[in-house]
Amino acid sequence: MLCLICYKRIMTSLRFIKGIGPKKAALFNKLGIADIEDLAFYFPRKWIDRRLDQEKKDLPFVSKAAVACGEVISAREAYAASGLVIFKAMIKRDGGGNTEAVFFKRRARGFDVFASLRKDFRPGSRVWITGDSDDMLFLSRIRAQEYYCDNDALAKKLHIGRIIPVYSLTEGLTGKAMRETVAAGLAIAADGIGDFLPARIRSKRALFSRAEALRSIHFPENYFQLEFARKRLIYEELLLFALACSIRRREIREIPKHFSYEVKRHLLTPFRRNLGFELTAGQKKAINEIFDDMMAPVPMARLLEGEVGSGKTVVALSAMLLVAENGAQSAFIAPTEILAQQHFFAFEKFLKGLKVRFELLTGSTPAAKRKKILEGLASGETDIIIGTHAILSSGVKFKNFRLAVVDEQHRFGVRQRAAMRNKGDLADMLVMTATPIPRSLFLSMYGDLDLSTIKELPAGRKPVKTLETDEQTAFDAVARETAAGNKVYIVYPAIEDSVQAGLKAVKTEFEKIKKFFPHLKIDLLHGRMKSGEKKKAMENFAAGDTQVLVATQVVEVGLDVPEASLMIINNAERFGLAALHQLRGRVGRGNKQSKCLLVCGSRTAESSERLAALVNCPSGFELSQKDIYLRGAGDIFTEEQHGDMGFKLADLSRDGEILRQAISDKDELLSIDPGISAPENAGIRAKLIEQYAGKWNLIDLS
Ligand code: ADP
Ligand code: MG
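Heads up: these notes are all about the structure in this document. (Residues numbered from 1 in each chain as written. Chains lettered and ligands numbered in written order. Predicted model: local features only at pLDDT ≥ 70, side-chain atom pairs only at ≥ 80, totals over all residues. Heavy atoms only, no water.)

**Side note on the overall build of the protein chain**
(1) Moving on: The number of helices and strands found in the protein chain is 25 helices and 21 strands.
(2) Moving on: Within the protein chain, buried positions represent 54% of all 702 residues.
(3) Moving on: Residue pairs at least 24 apart in sequence account for 73% of intrachain contacts in the protein chain once pairs closer than 6 positions are excluded.
(4) Moving on: Counting only carbon and sulfur atoms, one obtains 53% of the accessible surface of the protein chain, whose full area is about 30,800 Å². (Helix = DSSP H or I, 4+ residues; strand = E, 2+ residues; numbered from the N terminus. Buried < 20%, exposed > 50% of the residue type's maximum accessible area, 1.4 Å probe, protein only. Contact = heavy atoms within 4.5 Å. Areas by Shrake-Rupley, 256 points an atom, 1.4 Å probe, with all protein chains shown as cover.)

**Examining the sheet that holds strand 19 (residues 548-551)**
(1) Moving on: Spatially, six strands are ordered 16-21-20-17-19-18 in an open sheet, and the strand pairing comes out parallel. The open sheet has two edge strands with one neighbour each: strand 16 (465-469) and strand 18 (522-525). Between one strand axis and the next, the sheet turns through 20 degrees on average, direction left out of account.
(2) Moving on: Against the sheet, helix 17 (residues 506-516) engages strand 17 (487-491), strand 18 and strand 19, with an angle of about 175 degrees to strand 18.
(3) Moving on: This element, helix 18 (residues 531-542), spans strand 17, strand 18, strand 19 and strand 20 (564-570) of the sheet and lies at about 135 degrees to strand 18. (Pairing = 2+ DSSP bridges. Axes fitted to C-alpha atoms, helices over the stretch in contact; angles between N-to-C directions.)

**Let's talk about the site of ligand 1**
(1) Moving on: If you check the shell around ligand 1, you find 17 residues, and the closest are Glu278, Gly309, Lys312, Thr313 and Asp560.
(2) Moving on: The backbone of glutamate 278 places a nitrogen or oxygen atom 2.8 Å from a nitrogen atom of ligand 1.
(3) Moving on: With respect to ligand 1, the side chain of glutamine 283 contributes an N or O atom lying 2.9 Å from a nitrogen atom.
(4) Moving on: The protein chains hide 88% of the 570 Å² of surface that ligand 1 would expose on its own.
(5) Moving on: Tallied by class, the residues present in the shell around ligand 1 amount to five nonpolar, six polar and six charged. (Near = heavy atom within 4 Å. Polar contact = N/O pair within 3.5 Å; in protein donor to acceptor, adjacent residues only side chain to side chain. Nonpolar A, V, L, I, M, F, W, Y, C, P; charged D, E, K, R; others polar.)

**Notes on the nonpolar core**
(1) Moving on: Formed by 69 residues in total, the largest nonpolar core has its most connected members in Met178, Ile684 and Leu688.
(2) Moving on: Elements represented by at least two residues in this core include exactly helix 1 (22-30), helix 2 (36-40), helix 5 (175-189), helix 7 (210-218), helix 8 (223-254), helix 24 (656-672) and helix 25 (682-696).
(3) Moving on: Of all the elements, helix 8 adds the most residues to this core, at 15 residues.
(4) Moving on: With residues up to four places along the chain from it excluded, the contact list for methionine 178 reads Phe28, Ile33, Leu39, Tyr42, Tyr167, Leu169 and Leu173.
(5) Moving on: Membership of the second largest hydrophobic core comes to 52 residues, among which are Val488, Val550, Ile568 and Cys596. (Core = buried A, V, L, I, M, F, W, Y, C linked by side-chain atoms within 4.5 Å.)

**Description of the environment of arginine 528**
(1) Moving on: Tracing the chain through its elements places arginine 528 in the loop between strand 18 and helix 18.
(2) Moving on: According to the relative accessible area criterion, arginine 528 is exposed, its value standing at 59%.
(3) Moving on: If sequence neighbours within four positions are ignored, arginine 528 has contacts with Ile495 and Glu496.
(4) Moving on: Among the polar contacts made by the side chain of arginine 528, one reaches the side chain of glutamate 496 at a distance of 3.0 Å.

**Concerning the pairing of strand 11 (residues 358-361)**
(1) Moving on: Judged by which residues are buried, strand 11 turns out to be covered on both faces: Phe358 and Leu360 on one side and Glu359 and Leu361 on the other are all buried.
(2) Moving on: Running through helix 13 (residues 367-379), the crossover from strand 11 to the neighbouring parallel element strand 12 (residues 384-387) is right-handed. (Right-handed = clockwise from strand over helix to strand, strands pointing away.)

**A word on the pattern of salt bridges**
(1) Moving on: All chains considered together, the criterion is met by 43 salt bridges.
(2) Moving on: Overlapping salt bridges bring together Arg200, Lys204, Arg205, Asp665, Glu668 and Glu680 as one network. (Salt bridge = Lys/Arg side-chain N within 4 Å of Asp/Glu carboxyl O.)

**Re the environment of leucine 226**
(1) Moving on: Relative to the helices and strands, leucine 226 is located in helix 8.
(2) Moving on: Linking leucine 226 and alanine 213, residues 13 residues apart in sequence, is a C-alpha distance of 8.3 Å.

**Examining the packing of helix 19 (residues 577-584) against helix 20 (residues 605-616)**
(1) Moving on: It is at 10 Å that the axes of helix 19 and helix 20 come closest, and there the two elements cross at 35 degrees. The way helix 19 lies across helix 20 gives a crossing that is right-handed. Touching Leu577, Leu580, His581 and Arg584 of helix 19 are Arg610, Leu611, Ala613 and Leu614, all from helix 20.
(2) Moving on: Looking at side-chain class alone, the contact of helix 19 with helix 20 contains five nonpolar, one polar and two charged residues. (Left-handed = near helix turned anticlockwise from the far one by under 90°.)

**Things to note about helix 19**
In an α-helix, one turn spans 3.6 residues; hence positions three or four apart end up facing the same way.
(1) Moving on: For helix 19, a buried count of eight out of eight residues is recorded, marking the element as mostly surrounded by other parts of the structure.
(2) Moving on: Buried within helix 19 we find Leu577, Ala578, Ala579, Leu580, His581, Gln582, Leu583 and Arg584.

**Side note on the sheet that holds strand 1 (residues 46-49)**
To summarise the sheet geometry, strands pair through backbone hydrogen bonds and adopt either a parallel or an antiparallel arrangement.
(1) Moving on: The three strands are arranged 2-1-8 in an open sheet whose pairing can be described as mixed. Each having just a single partner strand, strand 2 (62-64) and strand 8 (163-166) make up the two edges of the open sheet. Ignoring which end each strand starts from, the neighbouring axes of this sheet average 30 degrees apart.
(2) Moving on: Two elements, strand 1 and strand 8, share four bridges in a ladder whose sense is antiparallel. The partner of isoleucine 48 across the bridge, within strand 8, is isoleucine 164.

**A word on helix 12 (residues 337-350)**
(1) Moving on: Across its 14 residues, helix 12 extends 20 Å between first and last C-alpha, which sits within 8% of the 20 Å expected from 1.5 Å per residue.
(2) Moving on: Those residues of helix 12 lying buried are Ile338, Leu339, Ala340, Gln341, Gln342, His343, Phe344, Phe347 and Phe350.
(3) Moving on: With a side-chain oxygen positioned 3.1 Å from the backbone nitrogen of leucine 339, the residue opening helix 12 is threonine 336. (Expected span 1.5 Å × (residues − 1).)

**A look at the packing of aromatic side chains**
(1) Moving on: Applying the stated criterion to the full structure yields 23 aromatic pairs.
(2) Moving on: Note on phenylalanine 259 and tyrosine 261: the rings are 5.8 Å apart at their centroids and 70 degrees apart in plane angle, and the pair reads as edge-to-face. Considered together, phenylalanine 259 and tyrosine 261 belong to a single accessibility category, that of buried residues.
(3) Moving on: On the numbers, 5.7 Å between centres and 70 degrees between planes, the contact of phenylalanine 475 with phenylalanine 517 is edge-to-face. Taken together, the residues phenylalanine 475 in helix 16 (residues 471-483) and phenylalanine 517 in the loop between helix 17 and strand 18 connect sequence positions 42 residues apart. The pair phenylalanine 475 / phenylalanine 517 is uniform in exposure class, with both members buried. (Phe/Tyr/Trp six-rings, centres within 6.5 Å; stacked < 30°, edge-to-face > 60°.)

**Side note on the side chain of histidine 218**
(1) Moving on: You can see histidine 218 is positioned in helix 7.
(2) Moving on: Using a relative accessible area of 0% as the deciding quantity, one classes histidine 218 as buried.
(3) Moving on: At a separation of 2.7 Å, a polar atom in the side chain of histidine 218 contacts the main-chain carbonyl oxygen of alanine 40.
(4) Moving on: Residues contacting histidine 218, with those up to four places away along its chain left out, are Leu39, Ala40, Tyr42, Phe43, Pro44, Trp47, Pro165, Tyr167, Val182 and Leu186.

Here it is as structure tokens:
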């Protein structure tokens, strides 16, 4: 009998499915599908509603196809220029009205491309066609993508007259074949797929059983089923993720570290003097929290969240100097080369005259230099390394690595963080971000981290004035600001002109702007430039005579140029709120009153709402409380993070409510059963081990 609390993975080979031989199986392997369970959990990318009576409701992941079913009245063939042949059939629809079905094919010499159409579309035959139509109301004409004969029983079960799943495919595998294979696989296995969620949770959250959810996620009867299936499967992903985060955090807290620190001050004191400013109360508090962690008997795992421009770098540098004072090594890793370079300049300034050796290592460090740097790290002579993920590469060995600082954390994934930590014997870790993260997201993404927050900006900073303007007004402001000796950023969303209508490209606009302001020093910066060129552009803007930097979003993080007082964001309607706030944070970093001007193209209600929020709210922390902050804000996370979290369906920027439920259930579960060892939780335990034990080194459970 079916055992409700046990969970076991189904490993039945794909070869048990009719029609799957070694060749087909190899294609499925390419998609990462090795057995029937993989197949069942190979979720559709989206769904297409191919029912004759479609629900009025709109779901973001379902598109609606034009569908007609009826009797063929007539059919004819026609030729078009450019080698196309056209087949047209008039169909009398069962529900009333006529539809002209149009098929386009490429002419093939010596091959009758319409042979089967001609046979299936004889007058009197009954057919189903589906495709798209400019006339969804009356369906007078459909550009057909697929058709099926009415007596095709399998088609009526899987391909037409229902909501169909759309999968990511590989060459040699059609959507139709995929649907048939998945249906066959589910028929064999769905009932045997054990549910690992305890009945208590399932009823509390009104969740589908796993088998029910699997059937409905692939072949839903209606939107209600589809939404419930998604909810169940997203819930289980998020619950497992939240549990794994908590367990990992607990584990790290339990491992003693083999070193401690003493505040000796021979570096910290002269560093404070070099700064030339007083630390803010928030900075001091953060430094105290970090030092307390570093002196604690277990490794630090702390996130420092601070408004753009709040001075996180000097906080991190203080921690790195504590490490250096104790004769050990630390690394500062930044998401881009530009940023790493910037930090290196800042370190040069703040560490002037101090007995501490620091180096810059990025992907473009010349081989000879790189070799020397690696030697310095291996021998322990170099105290501090600043760089990009180049530091993570396996060739980089430390003598005595104790602290990893990861800047702009939202640009890195869990895996990279783990790689950094592993450079040393459970090094302390400090990660920093200026992207305020709503609490619910924080808990799930960074559930394994403690939190320090710097809310205030250094004294004397004035909030950036944000306004919407037209391009002409923005250009007038460029003239004004540069005449007053200030610097200006002008940001565009694209690098080159493309088919994406309405997006201004930085390269084209750069040429125009140069002509418009012939007397100004204007430079260009975008991600596709060579790293030497990028470095030069950046240096000339930060410390040289460049007055205007025309750039893409690459300037979003880190550039710190106090003389910059004007930020112009073009096509501002296209950026997410988090990105807009980051860009705005590039100005207002000195004592000048700065401005951020938004020049917009045509927009939707949602982008208007976003822009209004930005205009009215100078604080990132307040912005992050707003609902729209999350909507469409995929830019809070990178692709990599999405991949890292391993979600197949969950999308944290959309599924916040399910996440909240999963986190609350996780807390309850761990408080009642900390070791996840109660019989009712055996399934969860087994599933956690299967999914996370190897990947995240969860040792507690296995
Ligand atoms: P972020 O937190 O955005 O990374 P930075 O660390 O780049 O901010 O700091 C922004 C600027 O403010 C830098 O030029 C830095 O030297 C300066 N700064 C940092 N702390 C203070 C302070 N307490 N008073 C004045 N300026 C400061
Ligand atoms: Mg920073």
